[in-house]
Each structure stands twice: as C-alpha cells, then as structure tokens.
Amino acid sequence: MADEMKIGAYICNGCGIGDRLDSGQLEMTATRDGKAAVCQQSDFLCSEAGVKMIQDDIDNEGVNHVVIAACSRRAKIEAFSFENVTLSRANLREGVIWVRPDEDDQRETTQEMADDYIRMACAESKYMKVPAASGQQEVNKNILIAGGGVSGMTAAIEASKAGYPCTIVEKTAALGGATAQLYKKIPTKAPYADPQDNGIAEMVATIEADSNITVCLNSTLTKTAGAPGRFEADISTESGSTETKSFGAIVQASGFTPYDANNLTEFSYSKSQDVITQAELEALAIAADGGAIKRPSDGKEVTNVMFIQCAGQRSKKEGHLEHCSGYCCSASIKQAMYFKDQNPDIDTTVLYSDLRTPGAGGENFYRSGQKKGIIFTKGIASEVVHSKNPIVKFKDLILDEEVEDEVDLVVLATGMVANAGEPTREQITIAENEAKEAGNEYTVSVESILNLDYRQGKDMPHMDNGFADSHFICFPYETQRTGMYAAGPTRRPMDIGQSMDDAMGAAMKAIAAAENAGLGKAAHPRVADLSFPTARLEGCTQCKRCTVECPFGAIDEDEKGFPQFNESRCRRCGTCMGACPVRVISFDNYSIDTVGQQLKAVDIPEEFDEKPRILVLACENDAYPALDMAAQNKMDYSAFTRVIPVRCLGSVSLSWITDSMNSGYDGIILMGCPSGDDYQCHFVKGSGTAQERMSKVADTLETLSLEPERVQTYEISITESDKVVKIINDMADTIEQIGMSPFKF
Amino acid sequence: MTDINTGMVEKYRNDFLKEVEANVEEGDWVKMCMQCGVCSGSCPLGSDWDHPPQELFMMIRAGKRDEVLQSTSMWMCTSCYNCIVRCPRELPITHIMHGLAHYATRLGIEPKNQPTRQFAQLFWDNLAKNGRVNELWLGVNLYFMNGFVNGIKVALGMAGIGLGMLKTGRLSLKELVGGHTVKDKKGFQAMIKKAQELEAARIDN
Amino acid sequence: MSDIVATNQTILVVGGGISGMTAALEAAEVGKQVIVIEKTPSVGGRVTKLYKYFPKLCFPTCGLEINQRRMAANKNITVLTMAEVTDLQGEAGNYTATVKISPRYVNSNCTACGACGDAVEAEFDNEHNYNMDKHKGAYLAHDMAMPKRYVLEPGMIGTDDAQKAKDACKFDAIDLDMQEETLELKAGAVIWATGWRPFDAAKIQPYGYDRIDNVITSVEFERLMDPKGPTGGKLVRPSDGKEAKNVAFIQCAGSRDRNYLKHCSRICCMASLKQSTYVSEKFGDDANVSIYYIDIRAIDRFDNFYQKVQDDKNVTFIKSKVANIVENKENGNPTLKGVDTEGYHRYETEHDLVVLAIGMEPSVDKNTFPIEIKVNDEGFIEQDEANGGVFAAGCSSDALDVNRAVQSATASALRAIQVINKVAQAEG
C-alpha cells in the first residue's frame, strides 16, 4: 500500500458498552496511545449509518487501517467488512463488559481492560498490511486423477461434465479397476432387490467419447511436483516413456488391494482350492455367465456354499485388519444370489456376527436375499478343514452349539487394504526406529502412488488402518496435502455406490482447489484467505524447523537448506511462524509483530498496584469462541486478563512468551485444540506441535527464576466455556499465591 | 415313524427348511426371520416354551427336523397375536406355530401327551362329528382323557360347577344323546372329507 | 428481501443443516451464487443439537464454527431463515421456487445484546432441547445460532411481553408488525437438503415412551449431556432427577421394522456406542450400560470404536429386540422384558433410564415434495435423471451419518454446478 498508514478507530457505545465504559477515555486512549488519526463514536456502530460513517472515512479521509472497538470479531462480520483496508477488532462487549460484573468497585479495572484492548487493536493495526495474492498463480483447470477404477472414472466423467479437463493415470492396461472384475454389483437403485450390471462398459464408453478426458493406461506417476494450480506430473508408461503435464489439482482414487487370504491358515485358504475369496468367486461367476457355478478343485457344480464374513477383519489379531470393510456383507448377499438366481435349490449360508447392511438400500437388499432363500446364521467360524469337501467348523451363536458343516465351496469375505502409497517420511522414521529397537530392519513395502517430490514424503499421510488421510467427520475430504483429495476405498472402506458418490465429492474439492489456487486464495479452513507466509531469508539460519513442523508439507528446501514456501500448498495456519526461532516468517496480516506489539501495548501496572496481567493466547477456532460464549452467558473472569486470538496455537512464537515474561506479565495461558489421534485442531498438528514446544518453556522460566506455573497450556474444545473461565480464574488465584512477577518496570 | 414321515424325509433330502416351506402353513416366511427375538420375548407363555419361535426358526434353518416337529413348544401358542403384531419382519408367527403343530400331527410325530395337543384333537373330533361343538361330550371326553379313574376324580371335582351350569340352562343333558347338529350334517361331512382329500393331494405333490 | 438477486445461474439450496451448508459453501467457494432456504431461525440443523460426534468424540460446534465463518465471509451466499419452499416449477436450468418467509419479528438491526430476552416473562417450549425445557419468548436458538439475531415466539405477539421486548430494544430491531412474505426465486439447479427427523417414539407402543418418564430417545439423551441442555449437562433421569448410572440402550427403535421404518437408520448403533461413553465418562466404574441390539452396525473404521466400547467392562451387549417395557411404579425404573437370542435367555431387567436409539426418517413426507421427484418407498430421494436439476444432499438421499452426509452434499454441489455451467455456456 503506497499511501501513508492512517488508523481510524471507531468506538461503539451500544449493547451497554457506553453505559459501562467511559467512552471519552477510550477515545483518548485510541488517539493518544493507539495513534489513531481518526476516532469516532457511535451508539449503534453496526447500523447502516455506523457502517457508512466508517466507509466514508475510508473513501474520503484516507483511513486505511480500521479499528472497530465494539463486539467480538465473531459478531457482525457481514456489517464490518470493508475492502482494501486492514481490520482489527477490540472486543469490548464479549471481552470486557460481559465478563465483568456491573459494580462500582469494578469500574476501574473494567475500564483498564477496555483501554488495553483499544491499545492492542491499534498496535495490531499498525503492523498489519492488506493481504494480496502473490500473483504467481493462474487458474489451471486440468485435474489429475490417479487411478482408473470406478472412483477415478466417476471423478473424471463428473468433473468433465462441469467443464474441467481430466487426465486419468491408470497402472493397468484397462480402465475399470476392481469393479470390472465383478460379475455384477450391489444394487444402487430402488428396489435394491437384485444384483445390478457392474456398469463399467458404459462408463468406459462415456470416457472414450469425451474429448475432455485423457486416459493414460499402463502408466504411473513417477514424480509429482509443484503445488495446487501448478502441479507438474511425470506420467510414465511401462515402456519407459515419460510425459510431463501440469495440473490444477489431484484426485487420488487408487483403490484397494484385497486382503491376502493366505494369512488365514485356519481357513485352509492356501491348502484347499475350494476355499476362495469373494474376488475369486466373481471370476467363477463370470466364467459361469449365468450358468451353474463350478468349484475350482474338480469342476463340480456347487450345490452348497458357505460364506464366512469378517474373515481376517474386525480383529486385533496379528496380521488381521482391525477395521470392518463395510461392503462385504452386501457383497456376500449378492454372491449368494448368483447361486440362488441360477438355481434356488442351491444351499447358500452366510455366517455372520453382525450383518451390516445400513440405509434403505442395504436393508432392502438383505430382505431380498432372505426372500431368495439365503440362510443367515449368526456364528463365528473357527476353522475350515481341508478335505474333499471343505468342512466348516463354527459356533452357532443363536443355537449355542458347535457345528461342523460339509460344503462344496467356502467363500471368505476378506476385507480391503487401502492403496494409499508410502507412509510419510516422519512415519517411516518412526517405523525404522521401532524396528531398530526390536532388532529388525524396516523397509517400505508399498509402491508410492503420487511420488510427490515433497520433503515430507511421497504420498499423503496415512491415518489409522492405513487409509489415506482425512479429517473424517465435518470435512471428510480434507487431507494434510493441499489440492489432493482421496476418493473411494483408498480413503475409507466403501462399496461401489458410495465410491461413486465419494468420487464426485472429491472432484468437487479438486475443482475448488484448482480455482482458488489460481486466485491465490487459501483452501480449507481459512478459505479465501489471501495472506501467505514470506520469510526474510537473509535472517534464516536454515534450521529447517518450519519445513519439519508444517502440518501440510507446504514448505520445501532449496539446496542450501533455505525454506521455499509454496503459497498454494499453504493453509495459513502460521505453524511455520511459530516454529521459526529467528522470527523471519510472517504474513501480511499476521506476524510476530501483530501479536508481539499487542502484548507490548498492554499497560503493565507496577508491582505494588496489585494488578497482575494474565495473557491468554487463544486459538481463534475453538478457545476464542468458547470465551465468547462464556461472555454471552455472562460468566465472569478476572479483569486482569488480556486475550489475543491466534490462528492456531501452532503459530505461537516462543518470543511472545519470553517477551511477555520480560515485560512483566504475571501469567500466560495458551489455549489450543485437543491434539492426538482424535485431534480437533483444524490445522491437524498445530496444537500438538505447540504443546511440544511449550513443554520446553519450563527450562527457560527457570533460568529467569520464574515459577513454571506462570505459563500453562490447555486443550480447549469450543463448548468448554466453563473450563476457560475456570482456567483463567485459577491462574489469577495462582498469581495471588505465588506473587507478582518480579519483571515489572 | 409313519410312512408319510419317512416319505417326507426322503423327499426333501434332509432340507428341512424347504420341507417346512412346502408343507407348513405360512412356512415360506420362516427364512425372513432376522433373529431379533421380539416374538420370543412377547409371548405371554414364553417361559413355558422349550424353544421360542425365533429359536424354532433358526432350528428349522439348521435342519433340526425331529427336535422341531417333536417339540411341545408350538403347542403352547394361544393365538394372542402379540408376536405377529410386533414382528419387525411381518412374519405370521402364530400361523406358523399352528402350521408346524398341524404338520407334525399329520406326520404322526407330534408329542402325544402334550395336553393342548390332546385337547385340540378332542375338540376337532367333537366338532367334525356334527358341525357343532357338543359341550357336554367335550367336557366328558376331556375329563376322561387320562383314563377312567382319573376321569371320575376330575368329574367329581368339577361336579359343583357342572350342576350349576345345568341349573342355569347353560348345559343340557339332552346333548348326551345325539346333540344338536348343523342343518345339513351330511353336506358338512362331505365338505370336510373333500377338504381333507385336497389337503392330502397337496402334500403328496 | 426484494433485493435478492436470483437467476438461472443461481443454485437454490433447500435446508441449511450440515448438508445444505456444505453444498452451499462448496458451490459458493468456486464462485457460484447460492441461496439457502432454512425453515428454522438459524442454520446448522440437527448437528447443533448433538453433544458430540462419533467416533472422535469431538464437538459438532467446532466444525460449525468453521462453516459459519466460511458462510459469513462469502458474499456469494444468501441465507433466508424461517423460509420454506412451498412450490417449485420448471426444469433443469430454469426453476422458479415460491418461498414463504415467516415473520421473525426481529430485523437485521439486532445486535444479539439480549435485552429483549431479559425483558420478557413468557416462556415457550424449547425446541432446541426437544421441548424438555423452556426458553424465553424472545430468544436465540442456541449460543452459536447464525444469524446471530433474536427471534420472537409467534405466540407472544399481541401480548404485553411483546411490547416489553420492543421497548427494551435500543436498536429498533423489533418489528411487531412483521408479516409473512412470499417470494418467487429463479434458480438453475436445486439442492434438496432437508435432512431428517427422529421417528415419533410414541408410536412404538410396547416401549411406553408416552407413558414412562424414564424412557427417552437418543436425541433427547444427547441434550442431557450438553451443558446447555435441560439438565445443565447432568446425566439425570426425568422422573426424579436421580443420576442415571444404569442405562439401557435399545437399538432399532423404529428402524428395520415394517411397523415403523423399514430401513436401517445407520447412525443409531454408533450413537448408542458413543452415548455409552458418556455414561462411563460421568460415572466411571459405577456406570452400567446395556445395549440391546439386532446387529451392531459399526461399519468401516467405526468398528475400531465399537471394539473400544466392547473392551469397557461396564458395557454389556445383548442380542435382542426388547419385547416391551413396564414401569416399576415404586422406584420409577423401567423394566425391560425380552429374550437374549444368543442361546435363549429370558430376561426381565430394571434400569435407571432407557434410551431408545430412535430411527431417522426423511423430514419431508414423500407425497409432499413441491415438485415431481423420484422417491423410494422409504421416502428418500433417489439419484435419477428424471429429477432434472434437483439433487438430493445428505439425509434426504438416505440414512447417513455426518461424514457421509457431507460427502453426499459435496457431490451434490458438483451436480448443481454441472447444470449451472451448462446454463452459463448457453447464455454465453
């Protein structure tokens, strides 16, 4: 911004602010301490007139840094949204008057609180710039789809329908993936009564007729570089030729590998030809093509078949899959129908422990199976004895007895193992260390899917059970790699119908990522944020902490070890900023200074005033709303509190902690989201990383001869208003006990 | 074992579910059971059953032919219809229970000394004779069901009630001889005979 | 309201729950114009009434905060609350929707300062807490309600209280003369995301929901745990406020049952497993949970959660559809009767509290859609070409959990965009 900085501060007197606070005093603070060039008051700032007053100052008075001293930054967002200016909010309503009792003897400390928030907002404003995209990017509408199974094909067909050219990279010689190997599929339409055509031929024909879709068969991705909006992918064929194409975003639809039934020695899979997997039964059904299905050993027409559900699944046994693959119950019903539809006299038994056919379609299909005479037995198979006819030993849980059943054919419902590629570099290191401790060697046994040239690893991180990373509930497509979206069974176990729906969703996200990257806008959760991190490389010590700690693998290193930021991979959480020991990383509107100057702007009373200061650095996603809601419910907390919202606890720089200790704060509370496996941090690892950093703060405090209780880190969920209030008040009590900080001037 | 029983065993090659589907009233519903057990829990006489309905259905699927058909369980059904009303899968359980009992009887392998079975037989024989229930004879036959001596004992025990009923005209001694019949007794008997023939033919198929 | 711009390139999203919000956001964030029609006074839908999500046991409001922030920041989205689509005409690329907007009696001046709420006396059933308590006649549905604007109960209009509310407002935000309005909106595509409602538990007569105080539904149980719920977060039972330590969960309450809902509602098993952790969380080793089930449908990665609950020795699983419930008049305990079908064991068990894992039925009755649309027997919208430019998202398409609903909603956004882009191309 070429123009000179001009701060305009606007103080609202509505919602009781005017009654409780001395607005003249606030105005003086804004102009004298905050150096606001313009300061106006309003009884109703968010009204049309109030907003117009501000806009007029922007238009006519050259105000380019707006400070709103009114309600929380979470309130009246639509009203207080101005173009091309910076915006800071001093939270006088939820942050001051609503958390303090309306009593005469409290007036002074309440006013001090408000004055400080005005100083803080002005200080922040001073160091903020209006963020603008780097302009490095342009929109690249091409979508790369890794995998040509039903998920990948759906993503391509649907994205293309919306006008986005797609390239499918398929490892094998044909499109269709696992679905193409199916005789029929589980029905996806009402009345959900019979197996349905697998639909692959139709999809392949659609793709072939669509000039917007390029198909690379017998091909793999040998290198994927770049970032959303400018991915460069090396597509290599089996014969060795490589073509490099650029893409805006990626859908990873790499599917699954059937669980290796050879692990199931108890079921004689490797001994008996007549013990087969569901996948193998599909091949028999295709061979029979509507005629009698013959068993592998002697070609005898099957008259009696047993399906064993959950074979090697839902089990904590070594080598088994812990998860349920979700589709196998319906798949066995479908396969039993292959027999029943051909000859109703064939005995088909499904041995299950929980029959899992959810939804409307699922339950209808189950009923249809029963109607066709499939027998469902609740039981657990212990063994399949290999003999001329396999003998299944199981416990019938309803009749409470051990049973042996001689059948022609046994079908094992084994589950899905995700094709999610390599673990991350971090995950590999952990596994290597674990193996070393156990005296073994660890080698990565899976092929990479994406072959990313990211320093963090070749593929997306895996979550539990080896599936590609996903936040899983509210934002199921969000991964730790921007612009890449997993679809189908590589993301979580699912059947064909669900995979197709899922692939459409992933295509939608890829389109959004490509479009927004082109405009320099952030992806989830700070959607449309134009700010991005930059580093003063002359100050950088190449310590690599930023690259290591970035939860999204957004930062590469050049040969010399300097960080290379990839704007469009970045989610703008600021974890890199928090990681940097030399404070060279910043965003236009969020930096070491925008927070550091706020905490310095707070007026620290002398020790003998008995007015301690408690700094709260609160995650803006959960802890800050929790504080707001405490205020909404008129819960009181200490008047000595000064709260600064941060993008993520991961962005908290240790320098803020040491600076505030040095400037005489008596206590510091950090509030982040719950971390760990069931993390709630919107930046995945930010809050966990912060906690790790803070665990080392105790040493620093000791060198300053300060009590460790003065700095506390907490995990806060958004609903925990009671807890945040208690934490703050406890800190106030603690300070009363251990005394004021000796570092006051 | 009766001939018809042996015949059935051979005909269905031990596939008891198919046998039930073909021969038991509403038997083709058995396979629709999902073993929730609400029928078993809802039966007012449930605690007196060796095998409640849902378990019987599972036994049928598991091929436990003798255990099912010789069971006393389905004879316990009082047709209260609680199970039918509550069954989430619409199974006409009451009818299936009676169907099973009836089928076992036809095969001649029903539990002979089960009192409800005995009463049911008496009731049928009584009714089939004249097309009307002869209450006096039904009572007498019921009393003497377990032998003459026992019958006298029971009859003496019930004498008070019997006399009371006679006095109030709810029981008539005239019924001892002949008793009242439907208008066209011959026609009625012919009808029953024909129905039985049809049923037998159906089973033989 | 008359300044709403809607064209053939507008996407109309019917329903502002998690699915509608997601669909709207995904479309708007690639630059499409979206109008969200929400029946209640605030967006968020059913998930705002959940205490925690399975399987992470995190709070729904956490994701809601992000989504609401995304919505507030996005100028492509217009949200109409207290609005209902009463008619829909046209075909893909050219729809006209008639939208009825009920009076809120509070205009956009409202700052949510709460003065009106403090001023009024009258109390009304609190729908947010499934009517288990009352709220004031001037209220915010919940702490995070968006738009953050108060609402006046229609029942209060014309009373002194209404005038008191108006007098208390310093911002001229209360307009007692507000009238119902009807709008006609153009749209190129429609995303139908009207979600679900809990099945009416009183219809399951053997369970005595309408007769026995201590038989409640799973959605009500969820509110008990919430600090903002009717018990302030205490797990106590309705009849006498006694702590509910011995809790029975009855699965398939209304689901998988031809008498009620034929389909499996998918979420109820996971909901009960989740709720069993609430009891353990509150009472530790004093907790005693029984789960009566037909099949535990903890599908895919959810099974790990099931295994965790199975490891809790205070939780027992009984394979049984409970036959009936009677109340022990002396202590108010519901007594469950039935048969454990694993080996035939008859039981008659008393519990402090019984929670019916209530089924999910589509919010819109299948014969009342404003436009001809392919609906299956269960009342869910089928994905079908015959539906033209109307696409189902979330639980209007099937019984779905949150992550699947969001997945479905994201897909529906792309379907709508395909139509819009075609219109845009044709219109040049």
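Residues numbered from 1 in each chain as written. Chains lettered and ligands numbered in written order. Predicted model: local features only at pLDDT ≥ 70, side-chain atom pairs only at ≥ 80, totals over all residues. Heavy atoms only, no water.

## With respect to helix α10 (residues 359–371) of chain A
Residues and elements named next belong to chain A.
- Here α10 is 13 residues long and its end C-alpha atoms lie 18 Å apart, about the 18 Å a rise of 1.5 Å per residue gives.
- Counting buried positions along α10 yields 12 of 13 residues, so the element is predominantly enclosed.
- Buried positions along α10 lie against α9 (328–342) and β18 (375–385). (Helix = DSSP H or I, 4+ residues; strand = E, 2+ residues; numbered from the N terminus. Expected span 1.5 Å × (residues − 1). Buried < 20%, exposed > 50% of the residue type's maximum accessible area, 1.4 Å probe, protein only. Contact = heavy atoms within 4.5 Å.)

## Quick notes on the interface of chain B and chain C
- Counting from both sides, the interface comprises 22 residues of chain B and, opposite them, 17 residues of chain C.
- Buried area between chain B and chain C, both sides added, is near 1500 Å², and the carbon and sulfur share of it is 53%.
- The interface formed by chain B and chain C holds zero salt bridges in total.
- In this assembly, chain B and chain C are joined by 11 residue pairs in polar contact (both at pLDDT 80 or more).
- Taken together, the elements giving at least two residues each to the side of chain B that touches chain C come down to α3 (38–42), α4 (53–61) and α6 (82–86) of chain B.
- Looking at the side of chain B that touches chain C residue by residue, the class counts come to nine nonpolar, eight polar and five charged. (Buried area = accessible area lost by both parts, 1.4 Å probe. Salt bridge = Lys/Arg side-chain N within 4 Å of Asp/Glu carboxyl O. Polar contact = N/O pair within 3.5 Å; in protein donor to acceptor, adjacent residues only side chain to side chain. Nonpolar A, V, L, I, M, F, W, Y, C, P; charged D, E, K, R; others polar.)

## So, the state of the cysteines
- If you walk through the whole model with that rule in mind, you get zero disulfides over all chains.
- Here Cys15(A) is not cross-linked by a disulfide; its sulfur's nearest cysteine counterpart is in Cys113(C), at 4.6 Å.
- The exposure class assigned to Cys15(A) is buried, which follows from its relative accessible area of 16%.
- Free cysteine: Cys116(C), not disulfide-bonded; nearest cysteine sulfur from Cys110(C) at 6.2 Å.
- Taking the relative accessible area as the measure of exposure, Cys116(C) reaches 9% and is therefore buried. (Disulfide = S-S within 2.5 Å.)

## Looking at the sheet that holds strand β15 (residues 288–293) of chain C
Residue and element names in this part refer to chain C.
- Ordered in space as β13-β20-β14-β15-β16, the five strands form an open sheet in which the pairing is parallel. Single-partner strands in this sheet number two, and they are β13 (215–217) and β16 (315–319). Averaged over all pairs of adjacent strands, the angle between their axes in this sheet comes to 25°, without regard to strand direction.
- As paired strands, β13 and strand β20 (residues 353–358) are joined by three bridges and run parallel to one another. Counted as the bridge partner of Ile216 is Val355 from β20.
- Strands in contact with helix α5 (residues 218–225) are β13, β14 (246–253) and β20; relative to β13, the strand with the most contacts, it is inclined by about 90°.
- The sheet contacts of helix α6 (residues 267–283) involve β14, β15, β16 and β20, and relative to β14 the element is tilted by about 175°. (Pairing = 2+ DSSP bridges. Axes fitted to C-alpha atoms, helices over the stretch in contact; angles between N-to-C directions.)

## Description of the confidence of the model for chain B
- When pLDDT is averaged across chain B, the result is 89; 98% of the residues are at 70 or more.
- Both scores are available for the predicted complex, with the pTM at 0.95 and the ipTM at 0.96. (pLDDT = per-residue confidence, 0-100.)

## Remarks on the pairing of strand β3 (residues 77–80) of chain C
Residues and elements named next belong to chain C.
- Of the strand pairs in this sheet, strand β2 (residues 33–37) and β3 are connected by four bridges, and their pairing is parallel. Across the sheet, residue Val34 finds its bridge partner in β3, namely Ile77.
- Following the backbone out of β2, through helix α2 (residues 60–73) and into the adjacent parallel β3, one traces a crossover that is right-handed. (Right-handed = clockwise from strand over helix to strand, strands pointing away.)

## Some points on the interface of chain C and chain A
- Taken residue by residue, the interface counts 81 residues in chain C and 89 residues in chain A.
- Summing the contributions of chain C and of chain A, the shared interface buries around 7400 Å²; its carbon and sulfur component is 53%.
- When the buried surface of chain C facing chain A is broken down by residue, Lys56(C), Arg301(C) and Gln407(C) rank first, second and third, together holding 12% of it.
- In this assembly, chain C and chain A are joined by 12 salt bridges.
- Counting across the chain C and chain A interface gives 45 residue pairs in polar contact (both at pLDDT 80 or more).
- The set of elements that each furnish at least two residues to the side of chain C that touches chain A consists of α2, α7 (302–310) and α8 (402–427) of chain C.
- When residues of the side of chain C that touches chain A are assigned to their parent elements, the largest contribution, 14 residues, is made by α8(C).
- A per-class count over the side of chain C that touches chain A returns 33 nonpolar, 19 polar and 29 charged.

## Quick look at the domain arrangement of chain A
Residues and elements named next belong to chain A.
- Considered domain by domain, chain A is made up of domain 1 (1–130), domain 2 (143–188 + 197–255 + 419–518) and domain 3 (259–415).
- Listed as interface residues are 12 residues of domain 2 and, on the opposing side, 15 residues of domain 3.
- Buried surface at the junction of domain 2 and domain 3, both sides included, amounts to about 1100 Å², of which 70% is carbon and sulfur.
- At the junction of domain 2 and domain 3, the tally comes to zero salt bridges.
- For the pair domain 2 and domain 3, the number of links is four residue pairs in polar contact (both at pLDDT 80 or more).
- Tallied by class, the residues present in the side of domain 2 that touches domain 3 amount to seven nonpolar, two polar and three charged. (Domains from an automatic or database assignment.)

## Description of a nonpolar patch on the surface
- There is a patch of nonpolar side chains on the surface, built from Trp137(B), Leu173(B), Leu176(B) and Val177(B) and spanning about 390 Å² of accessible area.
- Within the secondary structure, Val177(B) sits in the loop between α11 (159–167) and α12 (185–204). (Patch = residues over 30% accessible without salt bridge, like charges linked within 9 Å, V, L, I, M, F, W, Y side chains within 5 Å. Areas by Shrake-Rupley, 256 points an atom, 1.4 Å probe, with all protein chains shown as cover.)

## Some thoughts on the pattern of salt bridges
All names here are of chain A.
- As enumerated under the stated definition, the model contains 90 salt bridges over all chains in all.
- Salt-bridge contacts for Asp298 lead to Arg295; the nearest nitrogen and oxygen are separated by 2.8 Å.
- Look at Arg295 and you get buried, because its relative accessible area is 2%.
- Its salt-bridge partner being Glu422, residue Lys458 comes within 3.6 Å of it at the nearest N-O pair. Of this pair, Lys458 sits in the loop between α11 (425–437) and β23 (484–486) while Glu422 sits in the loop between β22 (416–418) and α11, placing them 36 residues apart in sequence.
- Through salt bridges that share partners, Arg32, Asp33, Glu108, Glu112, Asp116, Arg119, Lys611, Arg613 and Arg642 make up one connected network.

## Things to note about the packing of aromatic side chains
- For the structure on display, the rule yields 18 aromatic pairs over all chains.
- Their ring planes at 80° and their centres at 5.3 Å tell us that Tyr51(C) and Tyr278(C) sit as a pair that is edge-to-face. With a gap of 227 residues between them, Tyr51(C) in the loop between β2 and α2 and Tyr278(C) in helix α6 connect regions that are remote in the sequence. Take Tyr51(C) and Tyr278(C): they sit in the same class, and that class is buried.
- With a centroid separation of 5.6 Å and 90° between ring planes, the pair formed by Phe221(C) and Phe249(C) is classed as edge-to-face. Placement of the pair is Phe221(C) in helix α5 and Phe249(C) in strand β14, with a sequence separation of 28 residues. This pair shows no difference in class: Phe221(C) is buried, exactly as Phe249(C) is.
- An aromatic cluster is defined as three or more aromatic residues linked by ring pairs; in this entry it consists of Tyr51(C), Phe59(C), Phe221(C), Phe249(C) and Tyr278(C).
- One Lys or Arg, Lys141(A), reaches over the ring of Tyr164(A) and ends 4.7 Å from the middle of that ring.
- For Arg491(A), the ring lying beneath its charged end belongs to Tyr477(A), and the centroid distance is 4.9 Å. (Phe/Tyr/Trp six-rings, centres within 6.5 Å; stacked < 30°, edge-to-face > 60°. Lys NZ or Arg CZ within 6 Å of the ring centre and 35° of its normal.)

## A closer look at the sheet that holds strand β6 (residues 166–169) of chain A
Residue and element names in this part refer to chain A.
- With parallel pairing, the five strands of this open sheet are ordered in space as β9-β6-β5-β13-β23. Lying at the two open borders of the sheet, with one neighbouring strand each, are β9 (213–216) and β23. Going across the sheet, the axis of each strand differs from the next one's by a mean of 20°, ignoring polarity.
- Bridge analysis of strand β13 (residues 249–252) against β23 gives three bridges, and the strand direction is parallel. The partner of Gln252 across the bridge, within β23, is Ala486.

## Points about the domain arrangement of chain B
Residues and elements named next belong to chain B.
- Taken as a whole, chain B is organised into domain 1 (3–111) and domain 2 (115–201).
- Facing six residues of domain 1, the contacting portion of domain 2 comprises four residues.
- Carbon and sulfur atoms supply 56% of the area that domain 1 and domain 2 bury against each other, a total of about 420 Å² over both sides.
- It is Trp75, Arg106 and Glu110 that lose the most area in domain 1 upon contact with domain 2, and together they represent 71% of the buried surface on that side.

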